[in-house]
Amino acid sequence: QRKKQIGYWALITKINLINPNVVKKFNVAVTITKEDIIALAMYNLRQKRRNFIIINAAILILLVYFFDHQFNNIYLVWFLSICLVTSFIFLSIQIVKMRAIRQYNSQKAFRQPLYYELFDDHYEVKSIGLESSITWASRFAIRQNESYIFIYHFKEVASIIPKRYFDIKMQHFFDELIRK
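Here is a short report on the structure shown in this document. (Residues numbered from 1 in each chain as written. Predicted model: local features only at pLDDT ≥ 70, side-chain atom pairs only at ≥ 80, totals over all residues. Heavy atoms only, no water.)

### Points about helix α4 (residues 74-106)
At step 1: The first and last C-alpha atoms of α4 sit 48 Å apart over 33 residues, in line with the 48 Å expected at 1.5 Å per residue.
At step 2: Three or more residues of α4 are buried, namely V77, S81, V85, S92, A100 and Y104.
At step 3: Where α4 is buried, its residues meet α2 (34-47) and α3 (49-70). (Helix = DSSP H or I, 4+ residues; strand = E, 2+ residues; numbered from the N terminus. Expected span 1.5 Å × (residues − 1). Buried < 20%, exposed > 50% of the residue type's maximum accessible area, 1.4 Å probe, protein only. Contact = heavy atoms within 4.5 Å.)

Right, dumping it as structure tokens:
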């Protein structure tokens, strides 16, 4: 199986789909893990932090109002309200993680190695049964954190490239690309 993948990689790296005169910057082979998918889901949740805080503040106010009419002790009202909102926050995070794990387990394509060829103006993604060439300018956004590069195709849909596969030159390439 591994020899078949290496042979396939050797075959597809000889072809540049967009322009054969463009010089390749980098090749990177990526295997996505369950932890990578969870990291993407948590990164997306952090990007929605403001909405998440507003919703939880509204729930807290509603719970205080509701419990205020049920109990005479204001300390008990605030304690119950804060406990319930904290539980809701914890459960929301766990639900996001569970959905990411379910998505990983249901998609066999995640277990296939992806081969990225990075150029100045575009990148190519190749795997068994998949071949795609995409310009950097057509991406919705390119973001990064300390461990990953997220290439957003749409607002919620992203490709993930773990930085554990990077060298210093690749990191500089993406830093410059994100600045543009």
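### With respect to the pattern of salt bridges
At step 1: For the coordinates displayed, the defined rule picks out four salt bridges.
At step 2: A salt bridge links D36 to R164, with the shortest nitrogen-to-oxygen separation between them at 2.7 Å. Pair noted here: D36 is in helix α2 and R164 is in the loop between β7 (158-162) and α5 (168-179), with a separation of 128 residues, a long-range link.
At step 3: The exposure class assigned to R164 is partly exposed, which follows from its relative accessible area of 49%.
At step 4: The residue R179 makes a salt bridge to E176 at a minimum N-O spacing of 2.8 Å. Taken as a pair, R179 and E176 lie in helix α5 at a separation of three residues, close to a single helical turn.
At step 5: Relative accessible area serves as the criterion here: at 61%, R179 is assigned to the exposed category.
At step 6: Looking at E176, the relative accessible area reads 39%, which means it is partly exposed. (Salt bridge = Lys/Arg side-chain N within 4 Å of Asp/Glu carboxyl O.)

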